[in-house]
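As a plain string of letters, each chain reads:
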Amino acid sequence: MTTIKKTLSTTKSESEISNSASVASPEEKKAFLASVRPALITEEVHPDLAKICPHIPVPGTDLLEVIVANGNYVTTKEMQRLCCTQGELFSAAAANQKNDTVCFASGDEGLCIPRPDEENVMLYILCTPQPASGAAVLLNRDAMQKASDAIGGDLFILPSSIHEVLLVSSVGLRPEELEGLVQSMNRSEVRPEEVLSNHVYRYDCQTKQLSMGMEQHFCPEMKSQADNNAKERRCRR
């Protein structure tokens, strides 16, 4: 099974940010906000980024929405230097994402889940062409619903990297089986800095919501946080 490989620019260090101009000009701020896009990480895989980057938990999951600009993760210090509020930052990223092309395609014969006594299960690739933020297409409600309509019904989501996700119909599949597949891919095919998550997610075509594929990964604290952030997300979108 393969994953799209893209080069991710190195995140600016804290020293680079502190040595830059203390206050950005209005023109620089405007250009910056025009370049930002949402991206996804998990604290489990990227605790360093979760500490220094402004983020919003994605309701129902362990995913964190962060922001990238020109291939770099945006840190809290960079946001403050540019005199941006977190609301401005995430609203601009959401608006910019709506203008991005969504790439949805079925995989080739090698991109499927083998079944011993049945036909192999086809996997579908979903991403955007933006560096480091292709998997954030999960935040695009229209794209997710169109993918669900095309594949048929509820979906399991395999986070193959920060650049893309793989989708498959949930019919007849067990999430624990898929989770083992994701973890195997992460160990053998994905560079550590490009790993998104070790868990599988589910898309409900009726509620149009994401959730953890395996319920035991969803803790009460996550539920409370999800409820609060769902309200914020509705306001931003």
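Here, the structure is the one placed above.
Residues numbered from 1 in each chain as written. Predicted model: local features only at pLDDT ≥ 70, side-chain atom pairs only at ≥ 80, totals over all residues. Heavy atoms only, no water.

1. What about the nonpolar core?
The condition that has to hold: Buried Ala, Val, Leu, Ile, Met, Phe, Trp, Tyr and Cys residues form a nonpolar core when they are joined through side-chain atoms within 4.5 Å. Here the term buried applies to any residue with accessible area under 20% of the maximum for its type, exposed to any over 50%, and partly exposed to those in between, with areas from a 1.4 Å probe on protein chains only.
Judged by nonpolar contacts, the single largest core of 34 residues is most densely connected at Leu40, Tyr73, Leu138, Ile157, Val165 and Leu167. Counting residues in hydrophobic clusters, the runner-up holds 15 residues, among them Ala24, Leu33, Ile67 and Val74.

2. Overview of the environment of phenylalanine 90
Put simply, the rule is: Going along the chain from the N terminus, every DSSP run of H or I of four or more residues is numbered as a helix, and every run of E of two or more is numbered as a strand.
By the secondary structure assignment, phenylalanine 90 is in helix α5 (residues 86–97). Residues phenylalanine 90 and glutamate 65 lie 25 residues apart in sequence; the distance between their C-alpha atoms is 8.8 Å.

3. Looking at helix α6 (residues 141–151)
Here is the rule we go by: Counting of polar contacts relies on pairs of N or O atoms within 3.5 Å, with two restrictions inside protein: one atom must be capable of donating a hydrogen and the other of accepting it, and residues adjacent in sequence are counted only when both atoms are side-chain atoms.
Looking only at α6, the buried set comprises Ala143, Met144, Gln145, Ala147, Ser148 and Ile151. Looking at where α6 begins, the residue whose side-chain oxygen comes 3.1 Å from the main-chain nitrogen of aspartate 142 is asparagine 140.

4. Observations concerning unusual backbone geometry
Positive phi, close to 55°, is recorded for asparagine 70, a residue that is not glycine. A positive phi angle, close to 60°, is found at lysine 208, a residue other than glycine. Tracing the chain through its elements places lysine 208 in the loop between β11 (201–204) and β12 (209–212).

5. Side note on the packing of helix α2 (residues 26–35) against α5
Rule in force here: Every angle, taken between N-to-C directions, lies between 0 and 180 degrees, and every axis is a line fitted to C-alpha atoms, over only the stretch in contact when it is a helix. Each angle receives one of four descriptions, namely roughly parallel if under 35 degrees, roughly antiparallel if over 145, roughly perpendicular if within 65 to 115, and oblique otherwise. The contact definition used throughout considers only heavy atoms, calling two residues in contact when any of these lie within 4.5 Å. Ten residues, namely Ala, Val, Leu, Ile, Met, Phe, Trp, Tyr, Cys and Pro, are considered nonpolar, four, namely Asp, Glu, Lys and Arg, are considered charged, and the remaining ones, Gly among them, are considered polar.
Relative orientation of the contacting elements α2 and α5 amounts to 50°, with a least axis distance of 7 Å. If you check the angle between α2 and α5, you find them oblique. The segment α2 lies against α5, with Lys29, Phe32, Leu33, Ala34 and Ser35 engaging Glu88, Leu89, Ala92 and Asn96. In terms of residue class, the contact of α2 with α5 is built from five nonpolar, two polar and two charged.

6. With respect to the sheet that holds strand β9 (residues 155–158)
Stated formally: Pairing between strands is defined by DSSP: at least two bridges between the two strands are required.
If you trace the six strands from one edge of the open sheet to the other, you get β5-β8-β10-β9-β11-β12, paired in antiparallel fashion. Each of the sheet's edge strands pairs with one partner strand only, and the pair in question is β5 (103–106) and β12. On average, each strand axis in the sheet is tilted by 30° relative to the strand beside it, whichever way the strands run. Direction of pairing for β5 relative to strand β8 (residues 124–127): antiparallel, over a ladder of four bridges. Across the sheet, residue cysteine 103 finds its bridge partner in β8, namely cysteine 127.

7. Here's the deal with the pattern of salt bridges
Spelled out, the test is: Just to be clear on terms, a salt bridge is a Lys or Arg side-chain nitrogen sitting within 4 Å of an Asp or Glu carboxyl oxygen.
If you walk through the whole model with that rule in mind, you get seven salt bridges. Glutamate 88 is the partner of lysine 29 in a salt bridge, and the nearest nitrogen-oxygen pair spans 3.3 Å. In this pair, lysine 29 sits in helix α2 while glutamate 88 sits in helix α5, placing the two residues 59 residues apart along the sequence. Judged by relative accessible area, glutamate 88 falls into the partly exposed class, the value being 31%. The salt bridge involving arginine 174 is made with glutamate 176; its shortest N-O contact spans 3.1 Å. Looking at arginine 174, the relative accessible area reads 47%, which means it is partly exposed.

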